[in-house]
Amino acid sequence: MDAAVRGDVRGDVQSERRDGVVDTESVATRLLRSSEQLSYDPVVEVDWETPLDPSFHGTSPEWSTLYGTAYWDELTEEQRRELTRQESASVASTGIWFEMILQQMVLRDFYAKDPTDPAFQWALTEIADECRHSIMFARGAAKLGAPAYRPKRHVVELGRAFKTLAAGEAAYAAILVAEEVLDVMQRDWMRDDRVAPFVRTINNIHVVEESRHMRFARDEVLARMKGSGRLSREWNAFVIAVSAYAIVTSMVSPEVYTHVGLDRARALREAKANEQHHAMLRSSCTGLMEFLGSAGLLTKAARAIYRRAHLL
């Protein structure tokens, strides 16, 4: 992938506004144009043929849930690399789970709407992107030698309810939360020479293409918040925060530690108390929290949940 086109496309898809109101048609048209110019086929772009080199990590080590703990210090370099590879695969699997929720919400939102509308066409483009990303993540996890990591059963069922019932700003803000958190960590991984080259390519593709999705989600949240009453705002802020908590706490499955051969109970205990990792999560969410605050979606109840998830 050419370095010249690896950059952030956010500057190319800035919202157009008229009298402070989001011009959805203009935004969607620009996003479609950007998609035509800067989209990738993972089948071609990712090196699937070269065998996995075990000398590489799967994430930047600093993003490991155990980095900075006493347990990390006890691990061999081989164990650390395998741990980050399994954590990378778990994050990818969680991404697939949420992208399937996202696709269903977007389809439901645009069901029976005007197909000549650029926003409708952009919605289908976003869904097509997510389908390709999910397949890319699945193949990447398989190449990392990972089993099928899944969120806990109650989280899966919450996701099932959310994809069926969530609408408006709650749906698009939840999309934004998931993508923003992934975006920051993947930007670090794709620039890190210690990370396996094919994983870096996967992260780069996702970062470039998801920047358009995040731009659209932000505009949709702002547009749908117009005229929102206090009770509606409080409820949506709560739902979004709960969704964020479920997503973030599901990124690394406890099964990762078992698969790597670690003491699962100890690993979970040290990961839960790992202030270094908590600080990394908070730093990844600075811009997101500023946006939610400006949109009126950082209520007292929502803040408490974000703090519990170490996002604030």
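These numbers come from a predicted model, not from an experiment. (Residues numbered from 1 in each chain as written. Predicted model: local features only at pLDDT ≥ 70, side-chain atom pairs only at ≥ 80, totals over all residues. Heavy atoms only, no water.)

Visitor: Would you mind going over the overall build of the chain with me for this structure?
Guide: Each helix and strand in the chain was counted, giving 14 helices and two strands. Scaling as 2.2 N^0.38, a compact globule of 312 residues should have a C-alpha radius of gyration of about 20 Å, and the chain matches this with 19 Å. Taken over the C-alpha atoms alone, the chain extends approximately 60 × 45 × 30 Å along its principal axes. Going through the 312 residues of the chain one by one, you find that 55% of them count as buried. For the chain, long-range pairs separated by at least 24 residues make up 82% of all intrachain contacts whose partners lie at least 6 apart in sequence. (Helix = DSSP H or I, 4+ residues; strand = E, 2+ residues; numbered from the N terminus. Rg over C-alpha atoms; globule rule 2.2 N^0.38 Å. Buried < 20%, exposed > 50% of the residue type's maximum accessible area, 1.4 Å probe, protein only. Contact = heavy atoms within 4.5 Å.)

Visitor: Can you walk me through the pattern of salt bridges in this structure?
Guide: Opposite charge on two side chains allows them to pair when their charged atoms are near. Enumeration according to the criterion identifies 18 salt bridges in this entry. Across the salt bridge formed by Arg218 and Glu180, the nearest N and O atoms sit 2.7 Å from each other. Of this pair, Arg218 sits in helix α8 (residues 197–225) while Glu180 sits in helix α7 (residues 168–190); the two residues are 38 residues apart in sequence, bridging distant segments of the chain. In this structure, Arg266 engages Glu270 in a salt bridge whose closest nitrogen and oxygen atoms are separated by 2.6 Å. A residue pair is termed a helical-turn pair when its members lie 3 or 4 positions apart in one helix, as Arg266 and Glu270 do in helix α11 (residues 264–272) at four residues. Here the two residues Arg266 and Glu270 agree in accessibility, since each one is buried. One network of salt bridges, with partners in common, ties together Asp109, Lys113, Glu220 and Arg224. (Salt bridge = Lys/Arg side-chain N within 4 Å of Asp/Glu carboxyl O.)

Visitor: Please clarify how the side chain of Gln86 should be interpreted in this entry.
Guide: Counting through the fold element by element, Gln86 comes out in helix α4 (residues 77–110). Here Tyr149 takes part through its side chain, which lies 2.6 Å from a polar atom of the side chain of Gln86. Setting aside chain neighbours within four positions, we find Gln86 in contact with Leu144, Gly145, Ala146, Pro147, Tyr149, Val256, His259 and Val260. (Polar contact = N/O pair within 3.5 Å; in protein donor to acceptor, adjacent residues only side chain to side chain.)

Visitor: Any chance you could explain the nonpolar core here in plain terms?
Guide: In summary, soluble globular proteins display a tendency toward joint burial of nonpolar side chains. In terms of nonpolar packing, the biggest core is built from 95 residues, with Leu66, Leu83, Tyr257, Leu292, Tyr306 and Leu311 touching the most fellow members. With 13 residues, α7 is the largest single contributor of residues to this core. Discounting chain neighbours no more than four positions away, the residues touching Leu292 are Val177, Leu297, Leu298 and Tyr306. (Core = buried A, V, L, I, M, F, W, Y, C linked by side-chain atoms within 4.5 Å.)

Visitor: What's the story with the packing of α7 against α8 in this structure? I'm lost.
Guide: Think of two packed helices as two axes; the pair is described by the angle between the axes and how far apart they sit. Contact geometry of α7 with α8 gives a least axis separation of 8 Å together with a crossing angle of 150°. With respect to their mutual orientation, α7 and α8 come out roughly antiparallel. Two packed elements cross with a definite hand, and for α7 against α8 that hand is left-handed. For the contact of α7 with α8, a count of residues per class yields 13 nonpolar, five polar and ten charged. (Axes fitted to C-alpha atoms, helices over the stretch in contact; angles between N-to-C directions. Parallel < 35°, antiparallel > 145°, perpendicular 65-115°, else oblique. Left-handed = near helix turned anticlockwise from the far one by under 90°. Nonpolar A, V, L, I, M, F, W, Y, C, P; charged D, E, K, R; others polar.)

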